[in-house]
Amino acid sequence: MKKSRTFAPAPRITRHSTRDVVQLVVYLVWDQVVARSSRVIPTYPKTRRTLWTGFPLKCTIRVLFYKKICPSAKNAVPLPKQSRPMNNNNPHSLVTIADLSREKILSLLDAAARFEEQPNRKILDGRVVATLFFEPSTRTRLSFETAVNRLGGRVIGFSDAATTSSSKGESLNDTIMMVSNYADLIVMRHHLEGAARYASEVSPVPIINAGDGANQHPSQTMLDLYSIRKTQGTLENLDICLVGDLKYGRTVHSLIMAMRHFHPHFHFIAPRELAMPEEYKLYCREHGIDYDESTEFSQQAIDRADIIYMTRVQRERFTDLMEYERVKNVYVLRADMLQHTRENLRILHPLPRVGEIAYDVDACPQAYYFRQAKNGLYVRQALICDCLGMEV
Ligand code: CP
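Just so it is clear, the model here is predicted, and its values are computed rather than measured. (Residues numbered from 1 in each chain as written. Predicted model: local features only at pLDDT ≥ 70, side-chain atom pairs only at ≥ 80, totals over all residues.)

K.L.:
Looking at this structure, I do not really get the overall build of the chain. What am I missing?
P.N.:
Across its full length, the chain holds 12 helices and nine strands. Partitioning the contacts of the chain with sequence separation of at least 6, the portion at a separation of at least 24 is 78%. (Helix = DSSP H or I, 4+ residues; strand = E, 2+ residues; numbered from the N terminus. Contact = placed C-beta atoms within 7 Å.)

K.L.:
So what exactly am I meant to see when it comes to the pairing of strand β3 (residues 185–190) here?
P.N.:
Two faces belong to every sheet, and in a regular strand the side chains alternate between them. Of all six residues making up β3, six are buried, and the element is well covered by its neighbours. Every second residue of β3 is oriented toward a common face, with Leu-185, Val-187 and Arg-189 on one face and Ile-186, Met-188 and His-190 on the other, all of them buried. Across five bridges, the pairing between strand β1 (residues 128–133) and β3 is parallel. By the bridge assignment for β3, Val-129 is matched with Leu-185. For the crossover from β3 across helix α6 (residues 195–202) to strand β4 (residues 207–212), the handedness is right-handed. (Buried ≥ 20, exposed ≤ 12 C-beta atoms within 10 Å, placed from the backbone. Pairing = 2+ DSSP bridges. Right-handed = clockwise from strand over helix to strand, strands pointing away.)

K.L.:
What should I look at first to understand the nonpolar core in this one?
P.N.:
Generally speaking, nonpolar side chains in soluble globular proteins are found buried as a group. By size, the foremost hydrophobic cluster in this structure holds 92 residues, and its most contacted members are Leu-185, Ile-186, Leu-242, Ile-308, Tyr-309 and Ile-347. Broken down by element, the residue count for this core peaks at 10 residues, all from helix α12 (residues 369–387). Residues from two domains meet in this core; each of domain 2 (97–216) and domain 3 (220–375) gives at least three. Setting aside anything within four residues of it in sequence, one finds Tyr-309 in contact with Ile-240, Cys-241, Leu-242, Val-243, Val-252, Leu-255 and Leu-348. (Core = buried A, V, L, I, M, F, W, Y, C linked by C-beta atoms within 7 Å. Domains from an automatic or database assignment.)

K.L.:
Where do I start with the sheet that holds strand β8 (residues 307–310) in this structure?
P.N.:
Strand pairing in a sheet relies on backbone hydrogen bonds. The paired strands run either parallel or antiparallel. The five strands are arranged β7-β6-β5-β8-β9 in an open sheet whose pairing can be described as parallel. Only two strands of the sheet have a single neighbouring strand rather than two, namely β7 (290–294) and β9 (346–348). Going across the sheet, the axis of each strand differs from the next one's by a mean of 20°, ignoring polarity. Looking at chain direction, strand β6 (residues 265–269) and β7 are connected through five bridges and run parallel. The partner of Phe-266 across the bridge, within β7, is Tyr-291. (Axes fitted to C-alpha atoms, helices over the stretch in contact; angles between N-to-C directions.)

K.L.:
Which parts of the structure should I look at to understand the sheet that holds strand β2 (residues 154–158)?
P.N.:
One open sheet accounts for four strands, arranged β2-β1-β3-β4; its pairing is parallel. In this open sheet, the two edge strands, each paired with only one partner strand, are β2 and β4. Taken pair by pair, the neighbouring strands of this sheet meet at an average axis angle of 15°, ignoring direction.

K.L.:
Explain the packing of helix α4 (residues 139–150) against α12 to me, please; I cannot follow it from the model alone.
P.N.:
Geometry of a packed helix pair, given as the angle between the helix axes and the separation of the axes. Between α4 and α12, whose axes approach to 8 Å, the crossing angle comes to 55°. Between α4 and α12, the interaxial angle falls into the category oblique. Here α4 runs over α12; the crossing is right-handed. The segment α4 lies against α12, with Arg-139, Ser-143, Phe-144, Thr-146, Ala-147 and Val-148 engaging Ala-373, Gly-376, Leu-377, Arg-380, Gln-381 and Ile-384. Of the residues assigned to the contact of α4 with α12, the class counts are six nonpolar, four polar and two charged. (Parallel < 35°, antiparallel > 145°, perpendicular 65-115°, else oblique. Left-handed = near helix turned anticlockwise from the far one by under 90°. Nonpolar A, V, L, I, M, F, W, Y, C, P; charged D, E, K, R; others polar.)

K.L.:
Please explain the site of the ligand as it appears in this structure.
P.N.:
Close to the ligand lie Ser-137, Thr-138, Arg-139, Thr-140, Gly-211, Gln-220, Pro-350, Leu-351 and Pro-352. Per-class residue counts for the shell around the ligand are three nonpolar, five polar and one charged. Residue assignment places the shell around the ligand across two domains, with domain 2 (97–216) and domain 3 (220–375) each supplying three or more. (Near = placed C-beta within 6 Å.)

K.L.:
When you look at the packing of helix α3 (residues 102–117) against α12 in this model, what are you seeing that I'm missing?
P.N.:
Look at α3 against α12: their axes get within 8 Å of each other, and the N-to-C directions meet at 120°. In terms of axis orientation, α3 runs oblique to α12. α12 is crossed by α3, and the crossing has right-handed handedness. The segment α3 lies against α12, with Leu-108, Ala-111, Ala-112, Phe-115 and Glu-116 engaging Tyr-378, Val-379, Gln-381, Ala-382, Leu-383 and Asp-386. Residues that form the contact of α3 with α12 fall into these classes: eight nonpolar, one polar and two charged.

Here it is as structure tokens:
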């Protein structure tokens, strides 16, 4: 996929003093200290597709460039505004699941359950939601759009960035500023980690992160939590196997962070090349989340699990296709592996699958992934209303 330019070209530095440069360096160091102490995951995972491996750093350089080094150029690119734009109804963005407290998560799940009872309430009459998908999607985009349509709102947007002005070089900043002229809420998927955070900082309307690279997918996590609570009757003290691509799988990263409130035991099952990144294991240790790691998807792990969360090995995240070929079919769940499981075991998968769950599993009572995707509709109705500041 073609990468969109993110920042407008920097104008030439005309004049700056040594004092300015020293001040800039101090600001940069300070920003990184603050970023590392306040962000739950301090560094963005490093994939080759990440232009902004140091996104906060680059953003800071840009902001400080205009503020401190070249103030005369400040109109060239609008500076980020407040990250949570406020008005009387208190709309806000959803960028990372880490922003949601236990109480907030439970209240959103309750709202989703009410939408499941009544999915066609016309409470979004007169509202417009934009879905900007710079990366392919089936479930996320269609369920967000269905959520809006069923609630009586209108949808604008695109599912192929090649048909938009970003293919002519328009920056993400400018695209967001334009779309916010037309829509009350923006749902955005982007291949760059940090893109949703950036959009939320420049946008005057709320942003929902519908997936940013290998980083986060908070609305998926909310529907995963909804599915877990619905099938297990609780979110507490569950034995959860995360299987497959734990390195690039944004859904498992978000799920770990959300489950910190509910005392899970995680089994991280992945080939060495796709093991859970160190920062997420550190996160588990810091938050008292129990976990173990294995490269083997053993029968014992299957038989003692409450939830098996399968993930796809994501070809699009690899720059070395030989490495992808080596690991793509490393774990395949088949029906004959499900004969002695706990009765309450449910198999989840964010989908799409490409071979890691055999088709014969679909008929097993443990298979829940299609209903999981259906739950996404109700959860996204709840999230849209919440981000718009509506009581439901
Ligand atoms: N689960 C998920 O994000 O699916 P899509 O890529 O089809 O949206």
